[in-house]
Each structure stands twice: as structure tokens, then as C-alpha cells.
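Survey of secondary and tertiary structure
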Amino acid sequence: MKTSSLFLFSMFAALSLSVLVSCSRSDGMLLPVIPQPLHVIGGHGGFNTGLGPEEIEDISLLPFPDMTESLEKSGITVSVLEEVPGLGSNEEGYRLEVTKRGVGIEALSETGVFYALRTLAFLSDDGKVPCVEITDYPRFPYRGMHLDVSRHFKSKDFIKKQLDVMARYKLNRFHWHLTDGAGWRIEIDRYPELTDIAAWRPYPDWEAWWNGGRRYCTEDHPDADGGYYTKEDVREIIEYAAQRHITVIPEIEMPGHSEEVLAVYPELSCSGKPYVNSEFCVGKEATFEFLENVLLEIIELFPSEYIHIGGDEAAHAGWENCPDCQRRIAEEHLGDESGLQGYLVRRIEKFLNGHGRKLIGWDEVLRDGLNTSSAIMVWRDMEYGVEAAMAGNDVIMSPGEYCYIDAYQDAPFTQPVAKGGYLTLEKTYSFQPVPDTLSPDLQARYMGIQSNLWCEYIQPDEYTEYMLYPRVLSIAETAWSFPFRKNWDSFRENVVSETDVLVSRGYNPFDIRKEKGERPEAARPEKHLAVGKEIEYLQPFSRYYPAGGDTALIDGVRGGWTYADGRWQGFINRNVDVVIDFGEPTEIKYIGAEFMQLIGPWLWQPHEVIISVSDDGRNFTELSRQVTDVPEDAAELIFRTYSWEGETTARYVRYKAVSNGIDNGCLFTDEIIVR
Ligand code: ACM
Ligand code: ZN
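These notes cover the structure that comes with them. (Residues numbered from 1 in each chain as written. Chains lettered and ligands numbered in written order. Predicted model: local features only at pLDDT ≥ 70, side-chain atom pairs only at ≥ 80, totals over all residues. Heavy atoms only, no water.)

The subject of this paragraph is the packing of helix α5 (residues 156-168) against helix α18 (residues 461-468). As a packed pair, α5 and α18 sit with axes 12 Å apart at the nearest point and diverge in direction by 25°. As summarised for this structure, α5 and α18 are arranged roughly parallel, according to the angle between their axes. Note on packing geometry: the crossing formed by α5 with α18 is right-handed. Residues F158, K161 and Q162 of α5 touch α18, and the partners they reach there are D461, T464, E465 and L468. Of the residues that constitute the contact of α5 with α18, the class distribution is 2 nonpolar, 2 polar and 3 charged. (Axes fitted to C-alpha atoms, helices over the stretch in contact; angles between N-to-C directions. Helix = DSSP H or I, 4+ residues; strand = E, 2+ residues; numbered from the N terminus. Parallel < 35°, antiparallel > 145°, perpendicular 65-115°, else oblique. Left-handed = near helix turned anticlockwise from the far one by under 90°. Contact = heavy atoms within 4.5 Å. Nonpolar A, V, L, I, M, F, W, Y, C, P; charged D, E, K, R; others polar.)

So this is what it looks like as C-alpha cells:
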């Protein structure tokens with residue numbers, strides 16, 4: 001810990017004075033602890049346990065009797081009681097009191113004691129702890145971190161190393177995304193080909209594999225890359241997590257994102273052929289036999305109350321043309337393919353419930369007619385959380401806007417290639433998961449929040465950690481600390497200290513001190529001649545990416561690093577083709593617009609840009625025609641301006657950016673600037 005004990009002691013002394021003056025609890029006091037504890041009263045002086053932070057953390061992992069014995073030797077007494085003032089029934093809460101005579105911990109459970117020790121580790125500097133009285137419990141019972149090990153496999157030791165971090169920040173759910181189209185990662189005795197073949201690719205890199213035919217191979221193939229966890233590995237990880245009071249929740253994807261299964265068991269797909277479908281055939285009973293057999297082995301391995309079954313992004317095309325699926329739709333009166341997805345999800349829910357487990361699904365499953373035992377994990381719009389709560393389901397919030405930490409965390413040109421998007425530490429920290437307009441009953445359905453790290457573009461361990469930290473710390477604090485205890489400036493300062501702690505422990509976090517920040521163009525409105533003039537769209541913009549709507553391209557508002565920030569207007573399968581009317585002949589010296597290329601989400605530079613002017617709005621004179629110099633396969637985020645400079649007078653300006661014709665390709669631009 002970087003904060004010196006002298007600083008802490010003086011801070012406490014200053015605060016105690018204000019406590020005396022105001023005669024109230026000093027709940028506003030912020031500690032150098034992540035996540036920030038709930039109630040804090042500072043005192044004078046301190047106590048020396050003789051234990052450093054890492055020693056305290058190590059002791060917290062011992063069996064309970066050994067732990068208490070070890071702590072007692074250092075003046076730390078621990079009591080697990082039926083009732084502790086201020087904790088209500090919160091089993092994860094604790095009271096931690098440091099006086100000049102020693103340290104006292106009270107909690108309702110061993111988990112509460114564990115978290116008290118984790119807080120004590122933050123406060124301990126060379127064994128010295130300042131006098132303080134803390135009463136603390138979490139805002140949410142579900143405080144999650146998700147990791148995608150399908151797109152790029154991560155070793156058992158790497159997973160354990162991240163569980164250590166989770167425990168430090170009081171996160172308690174590890175969502176393990178074990179299966180997806182890019183590789184199956186868990187041993188299933190009954191279906192050996194899942195790990196003999198579907199866990200191996202002839203390309204280590206996901207993107208090369210994606211563009212190279214998306215095939216699998218065997219482990220002995222000369223280029224084989226990938227891997228899987230044996231059942232022994234899984235048991236070891238579950239135990240390691242449990243020791244840190246973390247529950248491991250496995251995700252087994254269905255009915256979509258299942259190319260890898262259907263490559264080795266094509267009889268479970270609609271076509272019956274490998275490498276054709278990504279969804280299971282819901283018409284065939286063999287599919288249910290497979291899924292239930294897999295889930296039986298999962299249930300046997302994982303003690304968690306919840307099993308995640310994915311449920312996201314299933315396409316309907318295969319089902320539409322499949323006689324088995326169509327027969328199922330007719331016989332079960334499901335109406336259509338959406339009903340067919342619902343049939344699968346409800347059947348799996350019933351199966352899990354019958355085995356004493358509950359289902360979690362991505363928010364698509366909201367439409368699948370689930371019972372209220374199931375939990376909805378929101379990844380798209382925040383509104384799905386409200387819908388889920390109103391339907392009576394518990395909710396876990398992990399919307400892309402705040403929780404998808406595969407996005408760039410700083411100016412993309414300073415960062416390793418990522419999926420796109422721009423999600424800073426500050427933005428993750430600003431996440432308010434529960435709308436305060438909801439009734440208390442509905443608010444209570446929000447179980448918690450989670451960060452998600454998808455690893456298509458994230459392969460080496462160091463880079464994975466770089467994307468995780470420090471943004472996971474933001475999610476941890478929002479998950480644990482009540483909103484009135486959150487404070488960005490204090491948190492950022494704590495993150496700076498924590499960055500050094502993480503580095504000293506062998507992690508590779510992004511250093512927030514080096515942050516460059518938002519795209520300079522986006523910092524302030526741009527004043528130019530076209531602002532506030534009339535604009536006619538000869539081709540419409542996408543209703544999914546309207547930015548500011550009909551005036552977006554002449555409102556002076558420039559876009560940031562990400563196309564999804566509400567400031568870039570999108571055109572899908574279309575050209576940008578607009579005419580700006582200045583109302584009268586106007587002297588013009590510059591006309592230009594900037595475009596973004598990011599081929600992951602299918603954004604390209606225009607093939608060609610034609611700029612022309614007119615006096616009557618019918619007959620246009622071409623001023624310039626410019627073909628892009630950006631290759632279609634340039635994978636990094638690229639901005640390009642296409643402009644004309646000169647001298648002319650005209651009433652109308654036409655700006656036409658021609659799409660490169662790639663099917664479903666998008667053009668994104670933020671402003672047509674005229675000077
Ligand atoms: C998801 O990102 N498809 C859950
Ligand atoms: Zn089918």
C-alpha cells in the first residue's frame with residue numbers, strides 16, 4: 001500500500017475532530033480501500049499486528065480454527081455471532097474495530113470474517129493499522145467477473161491468479177464462459193470429441209482462424225492450438241475459488257454459438273453436416289439427449305446454485321428450413337422460430353430445476369417464457385433489466401455500455417488491437433445498474449453486476465490482465481459499495497495505488513496515470529457554416545445508429561473513439577448521400593467529413609467520396625472525387641477525412657460517400673464540415 005501510515009493517522013485525527021464538532025458518525029470518510037466500506041469512524045493512534053497485507057491475505061485462506069489461532073497471536077480476535085449490530089442478516093458483512101489495544105472482528109459467517117480480513121489487509125502498512133471502526137456489507141449479493149476462455153484458452157494457473165484478484169476486491173462470482181464456436185473447453189466423459197477435436201484449432205489466433213475457414217483439428221496436428229480443462233482441473237479451480245469465497249458459474253452455450261459442438265456431432269444440427277449450422281437443431285430429440293447428458297456432468301462437477309446456458313444471438317435461418325424444427329413448431333404450437341428457442345430454453349430450465357439448480361441466461365431468454373426461478377443476465381439495453389424485474393426474475397446487470405471490458409480503455413492508437421468501442425475506467429465507474437425510479441420490490445430483484453471480458457482479440461495472458469484491470473476494480477466497487485459511498489476522485493487515487501500493488505504481485509494492469517483520454521475532436525462542438533442549415537438525406541441513415549437524427553451531420557457534434565457513442569451516424573448497406581441547403585449563395589473554402597474503419601463490427605471507409613455544389617439544387621458541379629487509400633483488410637481502427645479545399649460560391653453542397661459494396665457493410669461519419 002502506497003498511502004503512508006503517517007498520512008492515514010493524520011487523516012483519522014483530522015476526521016475525529018470533525019466528528020466531535022458535528023457529533024455524528026463520520027460516514028463520509030473515505031478509506032484507501034477498494035471496494036469502499038460502508039460506515040467508517042476514524043480514531044486516534046493505531047495498533048501494530050506485525051502482519052503485512054499479504055500475510056493477512058494468506059491467513060484469511062486457512063481453515064477457520066487455524067486462522068483464528070494465527071490471528072490471535074497477532075492481537076486480532078475473531079467472533080462469529082448470531083447477531084452483530086448494524087449487519088442485519090447480511091452474511092457477508094462484518095464489523096472491524098481497531099483500537100490501541102488490538103483488532104476485533106465480528107461477523108455472522110466465515111465469509112464476513114474473510115472480508116473483514118481483506119479490508120484489514122488494505123489498511124495494514126508494515127503491520128501498523130490506524131484506529132478505526134468499520135461496519136460494512138455489500139450492496140449486491142452477486143458481484144461477478146466473466147472470462148471467455150473459448151476464443152482464446154487460458155491456463156488453469158492463469159484462472160487461479162485472477163481468482164486471487166477477485167478475492168482482494170470482494171468479488172464473489174466467477175462466470176466461466178467455457179463453450180462457444182471457437183472452442184469447447186471442458187472435459188465431458190460421455191462426449192470425448194468435444195475435447196479431442198472441438199478444443200483445438202489449426203490457428204492460435206482467433207481472427208486468423210475466423211478468416212481461415214473456422215475448422216478444428218486434433219491435438220497432434222502440427223499447428224494445433226487451444227486446450228481444455230480436465231475434470232480434475234475444474235475441481236481444483238472450484239476448490240481454489242471456494243477458499244476465496246467465490247462461486248464458479250459455468251456457462252454452456254445453447255442453442256446458438258455452438259459451431260464447435262456441431263462440427264464434431266453434426267447429427268445434432270439441422271443440416272446434419274459439420275461446419276454448416278451454429279445452432280442446435282431443436283426439432284431433434286438427440287439434441288436434448290446431448291444437452292442433458294452434458295448438463296448432468298456439469299451439475300455433478302459444479303456446486304453452484306446457477307448454471308448459465310447462454311441463450312444469446314441464436315439465428316433462425318437453419319430452423320426455418322429444417323423439417324424437424326418445423327414439425328416441433330407445429331406439434332408444440334410454438335408459432336415460429338422464436339417460440340422454438342423458447343421451447344428449448346424452458347425444457348432446459350425444467351431439467352435444471354429438476355436437478356435442484358437454477359438457470360441463468362443472457363437477456364434474449366426473457367422472451368422464452370421462463371419461470372421466476374431463473375435469472376436474466378442483461379448484456380444489451382439496460383431496459384431489459386427492468387423488463388426482467390417486472391416479469392419477476394432476478395437480474396444481473398452486465399450491459400455492454402458499462403461492463404464490456406473488451407472495448408478500448410484509452411485512445412485506441414495508444415492501445416493493443418481490441419474489438420472496438422471505448423470504455424474508460426471512469427465510464428465503468430459511472431455505472432448505475434438500478435433505475436432509482438423502480439419500486440423497492442423491483443429494485444430488490446437486481447442481484448448484482450458483472451464485468452464481461454470476451455477474448456476474440458485478447459490472447460496473451462499479460463494482455464488479458466491489461467484489459468481486466470483496473471476496470472474490474474470499478475465493477476467491484478459498484479457491486480459492493482452503496483452509491484453514497486462512491487467517489488470518483490478517491491477511487492481513482494486508490495486505483496493508482498492498486499496499480500502498483502498489482503504490478504508488484506506480477507500482474508499487468510493498464511496504468512491510469514498514462515491515460516490519454518477521449519478523441520480531441522469530440523471535446524467541444526465544432527462551429528462551421530453548415531451548422532443549423534437544412535439537410536436532405538438522399539439515402540436514410542440506420543435507425544440503429546441515428547446519432548442526433550436528421551441534424552446529426554450538421555450539429556457541430558463530433559464523434560469520439562467509438563462508433564456506438566451516439567455521436568457517429570451509421571449507414572448500413574447504403575451510401576452517405578446528403579444535400580445541405582445554405583438558403584442563399586455562400587462563399588465556401590472547405591467541405592469535408594471523417595469516416596471510421598473498424599472491420600470487426602463491419603465498418604469500412606467509403607470506396608469513393610464525391611463532393612459537388614449547386615446553385616439551384618438540381619444541377620451539381622463536381623468539385624472533387626477521391627478514392628480511399630485505406631485497404632479493406634486494415635484491421636486497426638482508422639479515421640480518414642475526405643475533403644475539398646478551394647474557393648467557390650454556392651447555395652447547395654452535396655456530399656456523397658459511396659459504400660465499398662461489402663454486404664451489410666457500414667459507413668460511419670460524425671459531421672460534414674463546411675467552412
Ligand atoms: C453476448 O455478448 N452475446 C452475450
Ligand atoms: Zn432443425
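Surrounding the zinc ion (ligand 2) are the protein donor atoms C270 (SG), C281 (SG), C322 (SG) and C325 (SG), which sit 2.3 Å from the metal. The site at the zinc ion (ligand 2) holds 4 donor atoms, and with the angles between them running 105 to 115°, its shape is tetrahedral. Sequence spacing of the donor residues for the zinc ion (ligand 2), all on one chain, is C-x10-C-x40-C-x2-C. Taken together, the positions of C270 in the loop between α9 (259-264) and α10 (285-301) and C325 in helix α12 (residues 323-331) put the pair 55 residues apart, joining distant regions of the chain. (Donors = N, O, S within 2.8 Å, 3.2 Å for Na, K, Ca; no water. Tetrahedral: all angles 85-135°; square planar, octahedral: opposite > 155°, others 65-115°.)

This next bit is on the nonpolar core. Core analysis: the largest hydrophobic core is formed by 145 residues, its most contacted members being W176, I186, F290, F302 and I348. With 9 residues, helix α4 (residues 110-123) is the single largest residue contributor to this core. Setting aside residues no more than four positions away along its own chain, I348 makes contact with M254, F288, L291, L295, I309 and L359. Grouped together as the second largest cluster of nonpolar side chains are 27 residues, I554, I588, A657 and I672 included. (Core = buried A, V, L, I, M, F, W, Y, C linked by side-chain atoms within 4.5 Å. Buried < 20%, exposed > 50% of the residue type's maximum accessible area, 1.4 Å probe, protein only.)

Relative to strand β16 (residues 394-397), strand β15 (residues 375-378) runs parallel, the two sharing 4 bridges. Of the residues in β16, the one forming a bridge with A375 is D394. Chirality of the crossover, the property in question, places the unit of β15, helix α14 (residues 383-390) and β16 among those that are right-handed. Bridge count for β16 against strand β17 (residues 446-453) is 3 bridges, and the pairing is parallel. Within β17, the residue paired with I396 across the bridge is G448. (Pairing = 2+ DSSP bridges. Right-handed = clockwise from strand over helix to strand, strands pointing away.)

Relative to the 18 Å expected for 13 residues at 1.5 Å per residue, helix α8 (residues 231-243) spans 18 Å between its end C-alpha atoms, a close match to the ideal helical length. Within α8, the full set of buried residues consists of K231, D233, V234, I237, I238, Y240 and A241. Along its buried surface, α8 packs onto α5, β7 (173-177), β12 (247-254) and α10. Just downstream of α8 lies H245, where phi reads positive at about 60°. (Expected span 1.5 Å × (residues − 1).)

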